[in-house]
Each structure stands twice: as structure tokens, then as C-alpha cells.
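Spelled out from the first residue to the last, the chains are:
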There are 2 protein chains.
Amino acid sequence: MKSNFNDKQIEILEVAEVLFAEKGFDGTSIRNIAKVAKINVAMVSYYFGSKERLLESLIVYRTSDLKNQLDNLLQEDLEPIDKINKLIELYINRINSNRGIYRILHFEFTSKKREQNLQAFSELKKGNLKSLETIIEEGQKKGIFRKDVIIPLITPTILGTFFHFHMNKPFFENLLNLKTEDLYNNYIKTNLTKHIQQTIKALLIYES
Amino acid sequence: MKSNFNDKQIEILEVAEVLFAEKGFDGTSIRNIAKVAKINVAMVSYYFGSKERLLESLIVYRTSDLKNQLDNLLQEDLEPIDKINKLIELYINRINSNRGIYRILHFEFTSKKREQNLQAFSELKKGNLKSLETIIEEGQKKGIFRKDVIIPLITPTILGTFFHFHMNKPFFENLLNLKTEDLYNNYIKTNLTKHIQQTIKALLIYES
DNA sequence: GTTTAAATTAAACGCTTGTTTAAATTTGTT
DNA sequence: AACAAATTTAAACAAGCGTTTAATTTAAAC
């Protein structure tokens, strides 16, 4: 799939991604972006029209292939619980290696200010939920999963756990002695992912 | 406990809380606050020194009594699982009725920009974690809770689930048909709280 | 009622913001 | 080489920013 953006645009988008993630949309100025990207301030307006539309472009640029990944997972020949585990791993991996944009989505698209641009993002979330539903209902039919779980609340538990951990990065770095970026990333890939998988598995299977 | 802020300051703090929560710290101007609070722009500098210190004051103003509530819970005569359930209820209730400040904490204190002011907030989090640890270790000694859970990751699951739900409010309002503010709040108080309690209980008790 | 301190105001400060303009430069096409 | 289109530039724009100033009003103390 070819991108709709040229090299120059992509350069700007990736600088903007880093800065937006670091300092927020409002906390980042176009001059700031221009300086880091070593371009003239006018280039952002020239290529994207406005700062707001730069943000929109960034989201399109980064979220366009998640749906495919999920569809592929759905069609794999796996037990429901393994599909769930893979889905969790996919989510964490993907968000973790695209931290910038997801942090931006998390931050900017929850305030009332930007509800208009919310449409495309909302559709993405609805699709993701549908995929999760399909897997869980499959497990329920097989009698493996309990039936009194509230499916739409499982995504908040998966993503919320990750985000809350990551949003409090300095705190957990200190608490868990994750002195280097590698140690931190490794902790997410192993311990945090396992914790979330363990949590969701227990929730889906445990009978009180 | 008497507050260190006079009536006028509290008035300003509460307006700032609403606006910061709505539009972020950078997205809110002092003139904005002044207009809503019907005061002169200079009053913020007069009473708080600067915009940054207004934020600090706001956090002190809102988080000063959480520690006491937790200590009281610890000393109640309850089974560990009931303490956990009560702790979850306490968290959700408290955060839900102080949405503004927690949204601000969630948003503003995760960026590297404000790591200096992070100290007091970090101490608060460490204290909360200690309380949770005490309860869980009690349950483990009694043989009720499994011992291979990663305790510091439980808070992210509790709070993360709530936050992720609440940060995607428009999405879930639409998905779950929560047309009024009452319906939304009620859903949090009942279904969401129950989901989190059910999740943590399963995680703590389920044996694979 | 006068004096002193606190609270409030309007105005201005210098600086940064997002965006536009119009000129200069580079690139591609014939 | 000459032309046209696309790109890049520096400069300017009006508007908003956080903060300070100095004058004025209000409140408290005597």
C-alpha cells in the first residue's frame, strides 16, 4: 500500500509525532517543529494547510494498517484463549512501538475540543471491539469462557493497564529499577504483557 | 483540617480545575480563567505567583486527604477480598467525583516537561501502593490469594481501566446508550466498578 | 476620621503564537 | 537555454500569551 504523503511530508509528520507526544499538541509550536525538522515555518501550512490538519494527517499516517493485522489474527486457526493472548500481544507490541501516536490519540482525542476529528478514530475503535467480540463469543460457544463478562469493558482493562503503566513511566522506572530504555521495554514485552494476559484469562475463565 | 487557601483562591482554583480538565494546561490561558471566574487577569499572579504554581496549588488542594481515607480502610475488620473491593470502590468513587483534578494529573504529570513538580505526586502514589501491598500480602498469608501476581501492576489495571473508559467517554456513551450524565455516572458506579472488582478478584484467586 | 494594609483594576510589557504574503530559488519539461 | 511549476525563504501580520506595573478602590485598625 503506497502512502499518500511524499518524503518531505513524512519527515515533518515524524518530527511532529515526536514533539506532540513529548509536549502535547498545544505545547508544541509550528516553529518548534520547523526548527527540529530544519524547514521553514511556512512549510507546514504549505504541505498540510494548518496545524490542526497536520495532526489529522499524522493520525491517518499511523493508524491505517491496524485493521488488517486484526483481521488476519481472526482467521488464524487457534483456540480462543490463544487468540486473546495474541491479540493482547499485538496490541501492546503495536502501541509500544508506536508510542508517539498513541500517546497523542490518548491525550488529544479525549478532550471536547477535538470531537469533530473523532469520527475516523471512533470507527477504528468500533472495528477493534467487533474483532474482540468475535473471539470471545467463539470461546463462550465452546463453553470455555464465562458468559457474564461485559465485553466492551475488556478493552479498557487491556489498554488502560498498559497506558496507565506507560503514562507513569518515571514512577515505575524508579519503583522497578528499570534504569535503561531496554530494561523498560523488556519489562513491557514480558512482565506487563504477561500480567495483562493473566488478568484477562482469569476474568474470562474463573468461576466464583 | 483547615485549608491554606482563602475563599477567593478557592474560587480561582475551582474554575482553573474545570478549564484545565477540559482543555489542558497549555490549552487554558490565564485570561480564560479570569473571564470565567470574573476576576482580573492579574489576580492569578497576585494570589499564586504564576500559572505553573496555580497548578501546583490545585493539586495540593485536591489530593490532601486521600491518604487518610486509605489508612482508615486498612484498619477496618474485613476479609482481604472485601478490603480489595472496598479499595476499588473508594478509588473509583473518589476519582469519579474529582474527575477534573485526576484528569489533569493524568494528563499533565506524565509529560517530561513537569517532572520537577512530580515529587509530591510520586510520594502519594508510593503510599497508595504500600496500602495495596499490605492488603494483598495479608490475603496471601491466609492462603486466599495466589502468590505469583505482580502487585505494582494491579494499580494500573484498576485505575487504567477506569481512566481508559472515562477518557473515551463519548465513545462509550454512544456504544452503551448512556444518553444522560446520570446514566453515565450510574454505569460507572455499578457496572464498571463491578467489572474491575470481578477482574481483580479473578486475577487474585484464579488457579490455572 | 485618618492611616495603613490588602485587594482590585486597566494598561502596558515583551514575547510567542498560527498563518499569510510576496519574493527568491530550485526543479522539471520542452 | 527558456519557460513554467513547485518549492523554499524571510518578513510581516494580527492575535494571544504570561507577567508586571502603578494607580485606584476597598477593608481593617487605630
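Residues numbered from 1 in each chain as written. Chains lettered and ligands numbered in written order. Predicted model: local features only at pLDDT ≥ 70, side-chain atom pairs only at ≥ 80, totals over all residues. Heavy atoms only, no water.

The next point concerns the interface of chain B and chain A. Listed by partner, the interface residues are 51 residues for chain B and 51 residues for chain A. Inspection of the chain B/chain A interface yields zero salt bridges. Along the contact surface separating chain B from chain A lie eight residue pairs in polar contact (both at pLDDT 80 or more). At the level of secondary structure, the elements contributing two or more residues to the side of chain B that touches chain A comprise α1 (7-23), α7 (99-108), α8 (118-141), α9 (154-167), α10 (169-175) and α11 (181-205) of chain B. Considering only residue class, the side of chain B that touches chain A consists of 23 nonpolar, 16 polar and 12 charged. (Contact = heavy atoms within 4.5 Å. Salt bridge = Lys/Arg side-chain N within 4 Å of Asp/Glu carboxyl O. Polar contact = N/O pair within 3.5 Å; in protein donor to acceptor, adjacent residues only side chain to side chain. Helix = DSSP H or I, 4+ residues; strand = E, 2+ residues; numbered from the N terminus. Nonpolar A, V, L, I, M, F, W, Y, C, P; charged D, E, K, R; others polar.)

Residues annotated in UniProt with the feature "DNA-binding region" (unreviewed entry) correspond here to residues 29-48 of chain A. Taken end to end, residues 29-48 of chain A comprises 75% helix and 0% strand; its first and last C-alpha atoms sit 15 Å apart. (UniProt positions renumbered as here; feature names shortened; annotations may be inferred.)

Looking now at the protein's contact with DNA strand D. Around DNA strand D there are 15 residues in total, and M43 of chain A together with S29, I30, R31 and K51 of chain B lie nearest to it. Among the atoms of DNA strand D close to the protein, meaning within 4 Å, 50% are from sugar or phosphate groups. Measuring from a phosphate oxygen of DNA strand D, one finds a backbone N or O atom of I30 of chain B at 2.7 Å. Among the secondary structure elements, those contributing two or more residues to the surface near DNA strand D are α3 (42-48) of chain A together with α2 (30-37) and α3 (42-48) of chain B. Along the lines of polarity and charge, the residues of the surface near DNA strand D split into six nonpolar, five polar and four charged. (Near = heavy atom within 4 Å.)

With that settled, the discussion passes to the packing of helix α6 (residues 80-97) of chain B against α9 of chain B. All names here are of chain B. Running from N to C, α6 and α9 cross one another at 35°; their axes reach a closest spacing of 11 Å. Both α6 and α9 take part in a crossing whose hand is right-handed. Residues L87, I88, Y91, I92, I95 and N96 of α6 touch α9, and the partners they reach there are I158, L159, F162 and F163. Of the residues contributing to the contact of α6 with α9, the split by class is nine nonpolar, one polar and no charged. (Axes fitted to C-alpha atoms, helices over the stretch in contact; angles between N-to-C directions. Left-handed = near helix turned anticlockwise from the far one by under 90°.)

Time to look at the UniProt feature "domain: HTH tetR-type" (unreviewed entry) in chain A. When the UniProt feature table is mapped onto this chain numbering, "domain: HTH tetR-type" (unreviewed entry) sits at residues 6-66 of chain A. End-to-end, the C-alpha atoms of residues 6-66 of chain A are 21 Å apart, and along that stretch the chain is 75% helix and 0% strand.

Of the two same-sequence chains, chain B is brought onto chain A (RMSD 0.1 Å, axial shift 0.0 Å) by a rotation of 180°. Here the two chains are linked by the operation of a two-fold rotation axis. Ranked by how close their C-alpha atoms come to the rotation axis, the residues of chain B are headed by G160 of chain B, at 1.9 Å. Most of the interface of chain B is mirrored in chain A, where 100% of its interface residues are also at the interface. (Least-squares fit on C-alpha atoms with pLDDT ≥ 70 in both.)

Further remarks concern the environment of L78 of chain B. Secondary-structure assignment places L78 of chain B in the loop between α5 (66-74) and α6. Expressed as a C-alpha distance, the spacing of L78 of chain B and I30 of chain B, which sit 48 residues apart in the sequence, is 48 Å.

This brings us to the protein's contact with DNA strand C. Neighbouring residues of DNA strand C: 15 residues in total, closest I30, R31 and K51 of chain A together with M43 and Y46 of chain B. Here the atoms of DNA strand C within 4 Å of the protein split so that 49% fall in sugar or phosphate, with bases taking the remainder. T28 of chain A is positioned with one of its backbone polar atoms (N or O) 3.5 Å from a phosphate oxygen of DNA strand C. Within the contact set of DNA strand C, a phosphate oxygen lies 3.0 Å away from a side-chain nitrogen or oxygen of Y47 of chain B. The set of elements that each furnish at least two residues to the surface near DNA strand C consists of α2 (30-37) and α3 of chain A together with α3 of chain B. The leading source of residues in the surface near DNA strand C is α3 of chain B, at four residues.

The buried fraction of helix α7 (residues 99-108) of chain A amounts to 10 of the 10 residues, a majority that puts the element mostly inside the structure. Within the sequence span of α7 of chain A, burial applies to R99, G100, I101, Y102, R103, I104, L105, H106, F107 and E108 of chain A. (Buried < 20%, exposed > 50% of the residue type's maximum accessible area, 1.4 Å probe, protein only.)

This paragraph deals with the pattern of salt bridges. Residue and element names in this part refer to chain B. In the structure shown here, the tally under the stated rule is 22 salt bridges over all chains. With its nearest N and O atoms 3.5 Å apart, the salt bridge here joins K83 to E138. Of this pair, K83 sits in helix α6 while E138 sits in helix α8, placing them 55 residues apart in sequence. K83 gets classed as buried once you look at its relative accessible area, which sits at 4%. Among the salt bridges present, the one from K169 reaches E181, with a minimum N-O distance of 3.0 Å. Of this pair, K169 sits in helix α10 while E181 sits in helix α11, placing them 12 residues apart in sequence. We classify K169 as buried; its relative accessible area is 15%. Accessibility expressed as a relative area gives 39% for E181, which makes it partly exposed.

Moving on: the environment of N177 of chain B. Residue and element names in this part refer to chain B. Secondary-structure assignment places N177 in the loop between α10 and α11. Separated by 104 residues in the primary sequence, N177 and L73 have C-alpha atoms spaced 35 Å apart. The residues touching N177, leaving out its near neighbours within four places in the chain, are F172 and L183.

So, about the packing of α9 of chain B against α11 of chain B. What describes two packed helices is the angle between their axes and the distance between those same axes. Residue and element names in this part refer to chain B. At a minimum axis distance of 11 Å, the contact between α9 and α11 shows a crossing angle of 155°. On the basis of their axis angle, the class for α9 and α11 is roughly antiparallel. In the crossing of α9 with α11, the sense of the turn from one axis to the other is right-handed. Contacts between α9 and α11 pair I154, T157, I158, T161, F162, F165 and H166 from the former with Y184, Y187, I188, L192, H195, I196, T199, I200, L203 and L204 from the latter. For the contact of α9 with α11, a count of residues per class yields 12 nonpolar, five polar and no charged. (Parallel < 35°, antiparallel > 145°, perpendicular 65-115°, else oblique.)

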